[in-house]
Amino acid sequence: MRTLLLKSLFARPVTIAGPGADADGLEEVGRALASRARKLFGRSITIREVDAGSCNGCELEIHALNNAVYDIERFGLRFAASPRHADVLMVTGPVTHNMKVALERTYAATPDPKWVVAVGDCGCGCGVFEGSYAVIGAVDKVIPVDLHIRGCPPRPIDLLRGLIALIDKASAKA
């Protein structure tokens, strides 16, 4: 035991390099998203993330949007703790029986105009959870969905590009 402790004390940590974000590409996408949001709303976009029964892979990528690499707050995007302050609902995972009512209430509590984004393969079409007894189905079986962002899980830059597509779609309707 003593040998194991000494060995672990003097061993160097084993780490791998984190994924490098394309700084220029991220900056370009972020600035485009911020300018389009300000043009459409006159302010920034507020996002409410809802986990409807996922494996948490998509949540990790959504949370990465707030880390030091992506830092979407510098582009004016914010996450809200309450759906009453949100413009966009990002829903991850297939909708389970236990989350159906909560998702419907969250959708009802979000003020108009509101947009719903189904994130990940599971949110768009159940993914690996297809056929499970605990799953109702994809997000669009419970609430109307405006945009699907596929991937298992989608990268943070793909989430930002998806939000640009959503704003462009909303601008075309207006």
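Each value, and the rule that gives it
- Residues numbered from 1 in each chain as written.
- Predicted model: local features only at pLDDT ≥ 70, side-chain atom pairs only at ≥ 80, totals over all residues.
- Heavy atoms only, no water.
- Pairing = 2+ DSSP bridges.
- Helix = DSSP H or I, 4+ residues; strand = E, 2+ residues; numbered from the N terminus.
- Contact = heavy atoms within 4.5 Å.
- Axes fitted to C-alpha atoms, helices over the stretch in contact; angles between N-to-C directions.
- Buried < 20%, exposed > 50% of the residue type's maximum accessible area, 1.4 Å probe, protein only.
- Salt bridge = Lys/Arg side-chain N within 4 Å of Asp/Glu carboxyl O.

Colleague: Please clarify how the sheet that holds strand β2 (residues 78-79) should be interpreted in this entry.
Modeller: Strand pairing in a sheet relies on backbone hydrogen bonds, with the paired strands running either antiparallel or parallel. Read from one edge to the other, the open sheet built from 5 strands follows the order β2-β1-β3-β5-β7, with strand pairing classed as parallel. Unpaired on one side and paired on the other, β2 and β7 (147-149) mark the two borders of the sheet. Packed onto the sheet, helix α3 (residues 57-64) meets β1 (46-51), β2, β3 (88-92) and β5 (115-119) and runs at close to 145 degrees relative to β3. The strands that helix α4 (residues 100-109) touches are β1, β3 and β5; relative to β3, the one it contacts most, it runs at about 165 degrees.

Colleague: Whenever I open this one, the pairing of β3 confuses me. Can you help?
Modeller: Side-chain positions along a regular strand alternate between the two faces of the sheet. Of all 5 residues in β3, 5 are buried; the element is thus mostly enclosed. Alternating positions in β3 separate into two faces, Val-88, Met-90 and Thr-92 on one and Leu-89 and Val-91 on the other, with burial throughout. One ladder, built from 5 bridges, connects β1 with β3; its direction is parallel. Bridge pairing in β3 links Val-50 to Val-91.

Colleague: Please explain the side chain of Thr-46 as it appears in this structure.
Modeller: Structurally, Thr-46 can be placed in strand β1. Since its relative accessible area comes to 15%, Thr-46 is described here as buried. When residues no more than four places from it in sequence are discounted, the contact partners of Thr-46 are Arg-78, Phe-79, Ala-80, His-85, Ala-86, Asp-87 and Val-88.

Colleague: Any chance you could explain the pattern of salt bridges here in plain terms?
Modeller: Pairs can form between side chains of opposite charge once their charged atoms are near each other. Scanning the entire structure with this criterion turns up 8 salt bridges. Notably, a salt bridge pairs Arg-78 with Glu-73, separated by 3.8 Å at the nearest N-O pair. Note on Glu-73: relative accessible area 40%, which makes it partly exposed. Two residues, Arg-161 and Asp-158, come together in a salt bridge whose shortest N-O distance is 3.6 Å. Residue Arg-161 and its partner Asp-158 are located together in helix α6 (residues 156-173), separated by 3 residues, close to a single helical turn. By relative accessible area, Asp-158 is classed as partly exposed at 26%.

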